[in-house]
Amino acid sequence: MIRESLDFSHEPELTIDELIRRVKAYYSDVDEQLIRKGYEFAAHAHRSQKRSSGEPYIIHPANVVGTLIKLKMDIETIVAGFLHDTIEDCNVTPEEIEKEFSSNIAQIVVGLTKISKIKFKTRQESQAENFRKMVVAMAKDLRVIIVKLADRMHNMRTLQYVSKEKQQKIAQETLDIYVPLASRLGINSVKAELEDLCLRYLHSEIYYRLAEKVDMKKSEREDYIRTTIRVIKDQLEEYDVHADVTGRPKTFYSVYKKMQQRGVDFEQIQDMLAFRILTNNITECYKALGVIHSAFKPVPGRFKDYVAIPKINNYQSLHTTVIGPQAERIEIQIRTHEMHEIAEKGIAAHWKYKEVGSGVINAKDIDWVQELVQFNQDVKSNSEFMDVIKNDLDMGGVFIFTPNGDVKELRYGATALDFAYAVHTEVGNKCVGAKVNGKIVPLKYRLKSGDSVEVLTSKTQTPSKDWLKIVKSTRAKTKIRQFLSKIERDKSKELGERMLEEALKPYAKNIKSLVKKNDFNKAFNELNARNLEELFIHIGTKRNTVIEVLKLIPSIDYKESMEEKEKAESYYQKLTKTAKKSANRDNAVIVDGLDDIVVRMGRCCNPIPGDEIIGFVTKGRGITIHTAQCDKIADLVDTRRLSVEWNNEYVFKHPVNIKVITHDKPGILSSISSKINNMGINIRSAHAKSLPDQKGSFIFEVEVKDYSEFLKTLSVIEAMDTVISVSRA
Ligand code: MN
């Protein structure tokens, strides 16, 4: 991470006039009197108190507000910044603040007081409790956390004045809670600064050695930065890319982390510098990248595109490492000015200081906050909660390995199905389960960092409404919704087509012949349909009636009569009613438009829900269902085909064959059987066979209710020690 450009140093001389000057720089018509009042109220309340440094107490809230102004926060947050310690330290009441200022401001100060008042026994407990309280506070008003971060920033900045013991405690707490929180909220400027301060107090030896290294050869380094910026700028200008280029040392903490991860020591640390290119728009980002990659040799595997795929905290940037002008590795970040603003200020960048009230983000809009709040209610143990928080916040999510060794980052709580959609939409749509670390798991399996995942797909699989409950990521949800609405569209299209065809019969016409004569053109125009398909959809969704369409067909002399209207309406009713009626029936399969029909499953292919299916009329035996892949289909005549679908209401038990290969040991058949029975799954039959090499082969015919139960059965059997392989037979 490169040091961000906001400077949060302690300012001992910070006055209210200076603060107001700074607010006005971005918010010219700010209510100056309200800010002064906040300052004066706090100065009066803290009048007899001093900081550990010996300075008057008011310098602390003033510096906290200084940070809030650097983040360009709104006026309520600024005033709350002045008042943040008054309830806790000065016996000011929330009612007083509400009376003098506003209930919003009082709420923020109350939230801050709550967070700091909690006392705990152990460190682990304290972090967890603190975090839970903060999550609750966030749900009410995220600005509580932003003020808290500014408060912590100044306390860390002035930590040299407190006892060594207190330094350690506060720095550790900051690293455990406030750093991940700042990271999750995307406030990287605060995060980077806090991390370096934590390093300074927790591993001071390393911190000062790094500082020394940066300080060494200072003028040489500055020359190097200047030259490199010049070279990069020249290259960009040659290709007409206008951008700001800066270079600066990386944060000590990021260098320290790299040292730890790679096990390198001080002498091996080379690339302590990084460069940043800020462009005016996204196109120029990629253009700049192209220029950089053609001017300097890129280091393979180091390019990351967070512009196309932003991080979970909305961070966007292109990252690359190239061999620089002096044959040194240099890291380069490329992003727009706007992305830079978000990178530095994260969620704080969303407060529109100019639109008082309306600019405030509702925590409900930020779904991960909602997830945390929900999670907070679900989890009983503090340490479990903390594990989750840390895992989620440190990593920004969970890291999953693909079969070819790539790593994908998913949000916390992501399931196997989320992963499938992260790979590709089609992989998601066809997903039937996954192999996690070699074991078969169902769609809803929750992934953990480090899991190695291989998606299992089936040509016949399609998404269903239930999937929306399984996935966590917005991307997967969107893709599933898109698929479902396409299905909905297809259904309306089919319905519309059938209604129109039916309505044309009395006139001895059909759709095909009318198309040939361009007889629908008038209807297309008048009813705003681009083509026949859209016209069908208009009818199927009842946006237009069949009668409206008939009237617009030149070769039809439409006589408006009640009879026609009723006929069209009753046909629509009939179609929709049959669909509904048959959906509620105790049948595993819904047969389009037909009622009270005997349905049986083809013994040849044993379809189970989730399979794509086709119905065939068999003389005297009703309808037989086959999978779309069944070999027998080819022998059956097309005209007897029926469109059928699985009835989601029906609790289905269907036979499916499972083949198990095991090491040949006595009692293996009965131990597998009892495993299956213990899952509440019925075994219809079992056949055993001995194989060479001391192996055994078994075929179990079991009854499962759906594909996921089938997969679950497979994974339970596969988990047994003696089992070599399991598959559908
Ligand atoms: Mn404070």
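Please read all numbers here as calculations on a predicted model, not as lab measurements.

Regarding the overall build of the protein chain
Each helix and strand counted, the protein chain has 29 helices and 21 strands in total. The buried share of the protein chain, taken over its 729 residues, is 49%. Restricting the contact set of the protein chain to residue pairs at least 6 apart, pairs at least 24 apart contribute 66%. With an accessible surface of roughly 36600 Å², the protein chain has 49% of that area assigned to carbon and sulfur atoms.

Observations concerning the nonpolar core
Grouped together as the largest cluster of nonpolar side chains are 69 residues, with contacts concentrated most on Ile 35, Phe 82, Leu 83, Ile 97, Leu 149, Met 156 and Val 190. Looking at which element gives the most residues to this core, the answer is helix H9 (residues 143–157), with eight residues. Those residues within four positions of Ile 97 in sequence are excluded, and the remaining contacts are Leu 83, Thr 86, Ile 87, Val 92, Ser 102, Ile 105, Ala 106 and Val 109. Judged by nonpolar contacts, the second largest core, of 24 residues, contains Ile 225, Ile 229, Ala 288 and Val 322.

Concerning the environment of Asp 466
With respect to the element layout, Asp 466 can be found in the loop between strand E11 (453–457) and helix H21 (467–470). A sequence separation of 14 residues divides Asp 466 from Ile 480, and the C-alpha atoms of the two residues are 9.9 Å apart.

Some details on the coordination of the manganese ion
For a metal bound by four donors in tetrahedral geometry, the ideal donor-metal-donor angle is 109.5 degrees, whereas six donors in octahedral geometry ideally sit at 90 or 180 degrees. Protein coordination at the manganese ion comes from His 60 (NE2), His 84 (NE2), Asp 85 (OD) and Asp 151 (OD), with a distance range of 2.2 to 2.4 Å. All donors to the manganese ion come from one chain, and their sequence spacing reads H-x23-H-D-x65-D. Here His 84, found in the loop between helix H4 (75–83) and helix H5 (86–90), pairs with Asp 151, found in helix H9; they are 67 residues apart in sequence, far enough to count as distant.

Observations concerning the environment of Phe 303
With respect to the helices and strands, the residue Phe 303 is situated in the loop between strand E3 (297–298) and strand E4 (304–305). Considering only alpha carbons, one finds Phe 303 and Ile 332, 29 residues apart in sequence, at a separation of 9.6 Å. Once residues lying within four places of it in the same chain are set aside, the contact partners of Phe 303 are Leu 289, His 293, Leu 318, His 319 and Thr 320.

A few points about the sheet that holds strand E19 (residues 682–691)
With antiparallel pairing, four strands are arranged side by side in an open sheet as E19-E20-E18-E21. The open sheet has two free edges, formed respectively by E19 and strand E21 (723–728), since each of these has just one partner strand. Each strand axis lies, on average, 20 degrees off the axis of its neighbour in the sheet, ignoring direction. Pairing of E19 with strand E20 (residues 695–704), which is carried by nine bridges, proceeds in the antiparallel orientation. Looking across to E20, one finds that His 687 is bridged to Ile 699. Running over the sheet, helix H29 (residues 707–718) touches strand E18 (654–663), E20 and E21 and is turned about 165 degrees from E21.

What about unusual backbone geometry?
A negative phi angle is the norm for most residues apart from glycine, just as the trans form is the norm for most peptide bonds. A positive phi angle, close to 55 degrees, is found at Lys 72, a residue other than glycine. The residue Lys 72 is located in the loop between helix H3 (59–70) and H4 in this model. The backbone phi angle of Ala 508 is positive, close to 55 degrees, even though this residue is not glycine. Examined against the element boundaries, Ala 508 turns out to sit in the loop between helix H22 (474–504) and helix H23 (511–516). Residue classification places Ala 508 among the exposed positions, given a relative accessible area of 72%.

Thoughts on the packing of aromatic side chains
Each aromatic ring pair is characterised by the separation of its centres together with the angle its planes make. Tallied over the full model, the rule gives eight aromatic pairs. Look at Tyr 39 and Phe 82: their rings are 5.6 Å apart centre to centre, the planes differ by 80 degrees, and that puts the pair in the edge-to-face class. Here Tyr 39 is found in helix H2 (residues 32–45), whereas its partner Phe 82 is found in helix H4, with 43 residues between them in sequence. Accessibility assignment for this pair places Tyr 39 and Phe 82 in one class, buried. The interplanar angle of 25 degrees and the centroid separation of 6.3 Å between the aromatic rings of Phe 520 and Phe 524 together place this pair among those described as stacked. The pair formed by Phe 520 and Phe 524 is uniform in burial state, with each residue classed as buried. Among the aromatic residues, those joined into a ring-pair cluster are Tyr 207, Tyr 208 and Phe 252. Taking the ring centre of Phe 101 as reference, the NZ or CZ of Lys 37 above it sits at 5.2 Å.

Here we look at the sheet that holds strand E10 (residues 439–441)
Each strand in a sheet pairs with another by means of backbone hydrogen bonds, the pair being arranged parallel or else antiparallel. The antiparallel open sheet is built from three strands, whose spatial order is E10-E9-E11. Here the strands that pair on one side only, and so sit at the sheet edges, are E10 and E11. Neighbour-to-neighbour, the strand axes of the sheet open up by a mean angle of 30 degrees, direction not taken into account. Relative to E11, strand E9 (residues 431–436) is paired through five bridges, and the arrangement is antiparallel. In the strand pairing of E11, Ala 434 is matched with Val 455. H29 contacts E9 and E10 of the sheet and is inclined by roughly 155 degrees relative to E10.

Remarks on helix H28 (residues 668–678)
Taken together, the buried positions of H28 are occupied by Ile 668, Ile 672, Ser 673 and Ile 676. The arc that holds every buried residue of H28, seen down its axis, measures 130 degrees, which confines them to one face. Packing partners of the buried residues in H28 comprise E18, E19, E20 and H29. Directly beyond the C-terminal end of H28, a positive phi value near 80 degrees is found at Gly 680.

A word on the confidence of the model for the protein chain
Averaged over the protein chain, the pLDDT score is 80; the fraction of residues at 70 or greater is 80%. When the elements of the protein chain are averaged for pLDDT, helix H18 (residues 382–395) gives the smallest value, 50, and H3 the largest, 96. Contacts of residues 391–396 to residues separated by more than four positions or lying in other chains number 22 contacts, the stretch itself having pLDDT below 50. This model gives residues 579–585 a pLDDT under 50, and the stretch forms 14 contacts once residues within four places in sequence are excluded.

Here we look at the environment of Leu 197
Positionally, Leu 197 belongs in helix H11 (residues 188–202). Taking relative accessible area as the criterion, Leu 197 reaches 4% and is therefore assigned buried. Every residue in contact with Leu 197, bar those within four places of it in the chain, is listed here: Met 153, Met 156 and Arg 157.

A look at the packing of helix H1 (residues 16–26) against H2
Running from N to C, H1 and H2 point in directions that differ by 145 degrees, and their axes come no closer than 11 Å. The handedness of the crossing between H1 and H2 is right-handed. On H2, the residues that touch Ile 16, Asp 17, Ile 20, Val 23 and Lys 24 of H1 are Glu 32, Ile 35, Arg 36 and Tyr 39. Here the residues of the contact of H1 with H2 sort into five nonpolar, no polar and four charged.

Cut-offs and rules
- Residues numbered from 1 in each chain as written.
- Predicted model: local features only at pLDDT ≥ 70, side-chain atom pairs only at ≥ 80, totals over all residues.
- Heavy atoms only, no water.
- Helix = DSSP H or I, 4+ residues; strand = E, 2+ residues; numbered from the N terminus.
- Buried < 20%, exposed > 50% of the residue type's maximum accessible area, 1.4 Å probe, protein only.
- Contact = heavy atoms within 4.5 Å.
- Areas by Shrake-Rupley, 256 points an atom, 1.4 Å probe, with all protein chains shown as cover.
- Core = buried A, V, L, I, M, F, W, Y, C linked by side-chain atoms within 4.5 Å.
- Donors = N, O, S within 2.8 Å, 3.2 Å for Na, K, Ca; no water.
- Pairing = 2+ DSSP bridges.
- Axes fitted to C-alpha atoms, helices over the stretch in contact; angles between N-to-C directions.
- Phe/Tyr/Trp six-rings, centres within 6.5 Å; stacked < 30°, edge-to-face > 60°.
- Lys NZ or Arg CZ within 6 Å of the ring centre and 35° of its normal.
- Arc of directions from axis to C-beta.
- pLDDT = per-residue confidence, 0-100.
- Left-handed = near helix turned anticlockwise from the far one by under 90°.
- Nonpolar A, V, L, I, M, F, W, Y, C, P; charged D, E, K, R; others polar.

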